[in-house]
Amino acid sequence: MDQYKKDFIDFMVESKVLKFGSFTLKSGRHSPFFMNAGAYVTGSQLSRLGEFYAQAIHASFGDDFDVLFGPAYKGIPLSVATVIAYSRLYSKEIRYCSNRKEAKDHGADKGLLLGSEIKKGDRVVIIEDVTTSGKSIDETVPVIYSQVQDKSDITIVGEMVSLNRMEKAQDTARSALDSITERYGFPARAIVSMKEVIEYLYDSGNEASVITDEIKKEIDAYYKEWGAE
């Protein structure tokens, strides 16, 4: 496992973004773990988060893209923090773009988008916190394509999320990220997967492990029911 992945897992736990226990998800599923990217609230946390995203995007998609699109609302700070980090780490200027939930009808920046416009020839990477069902991308992709006359005018290079929960999306046995790739044809990636999280945080018989034997049993039972193919 790459060192930045290990560092990111530690960072999620230290920031109390990744928690273990008993949680009811928006989908109604009862999960032994929960990730809340909204818990990143300080300047230092957002700075580090942007660096982790930048490293993962660079490793997965390289430098051949122009715009980082972060869907409202959580995607807005993610996109801003990451383009700053990308400039610092890789000396390349990437434009950020996000959408408003409702279009602004006045001022010089009226319209649906914040930040950069999306124009013909752009190559776009989408950034989100986490996706369980994959539904959010069904709202995001049309927003991006609506900015040009024809879909072929731009290229969606891929999507990056922070955590691949590795569970079934709605109405399919495949994971949300795999379902996105099937539907739209671009790769959907994560900084880390839950498999990597478990591998790193679980030490059988060690009471000091973040993932104890009891939690590991609950995770195994959860994936027996909801794990993706």
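For the structure given in this document, a descriptive report is provided here. None of the values given here were measured: they were computed from a predicted structure.

A short note on the overall build of the chain
Within the chain one finds seven helices and eight strands. In terms of C-alpha radius of gyration, the chain reaches 18 Å, essentially the compact-globule figure of 17 Å for 229 residues. Overall, the chain is about 60 × 40 × 30 Å in size when its C-alpha atoms are taken along their principal axes. Taking all 229 residues of the chain together, the buried fraction comes to 46%. When contacts within the chain are restricted to residue pairs at least 6 apart in sequence, long-range pairs at least 24 apart make up 70% of them. Per element, the accessible surface of the chain, about 11,500 Å² overall, is 47% carbon and sulfur.

Description of the packing of aromatic side chains
For the coordinates displayed, the defined rule picks out eleven aromatic pairs. Note on Tyr-86 and Tyr-90: the rings are 4.9 Å apart at their centroids and 50 degrees apart in plane angle, and the pair reads as tilted. Residue Tyr-86 and its partner Tyr-90 are both found in helix α3 (residues 75-90); the two are separated by four residues, about one turn of the helix. Residue classification places Tyr-86 among the buried positions, given a relative accessible area of 1%. Under the relative-accessibility criterion, Tyr-90 is labelled partly exposed at 26%. Measuring from centroid to centroid gives 5.9 Å for Tyr-184 and Phe-186, while their planes differ by 20 degrees, and the two rings are stacked. Its relative accessible area of 3% is what places Phe-186 among the buried residues. Through a chain of ring-to-ring contacts, three or more aromatic side chains come together here, namely Phe-8, Phe-11, Tyr-40 and Phe-52. When the ring centre of Tyr-202 is taken as reference, the NZ or CZ atom of Lys-216 above it lies at 5.3 Å.

Procedures and definitions
Residues numbered from 1 in each chain as written. Predicted model: local features only at pLDDT ≥ 70, side-chain atom pairs only at ≥ 80, totals over all residues. Heavy atoms only, no water. Helix = DSSP H or I, 4+ residues; strand = E, 2+ residues; numbered from the N terminus. Rg over C-alpha atoms; globule rule 2.2 N^0.38 Å. Buried < 20%, exposed > 50% of the residue type's maximum accessible area, 1.4 Å probe, protein only. Contact = heavy atoms within 4.5 Å. Areas by Shrake-Rupley, 256 points an atom, 1.4 Å probe, with all protein chains shown as cover. Phe/Tyr/Trp six-rings, centres within 6.5 Å; stacked < 30°, edge-to-face > 60°. Lys NZ or Arg CZ within 6 Å of the ring centre and 35° of its normal.

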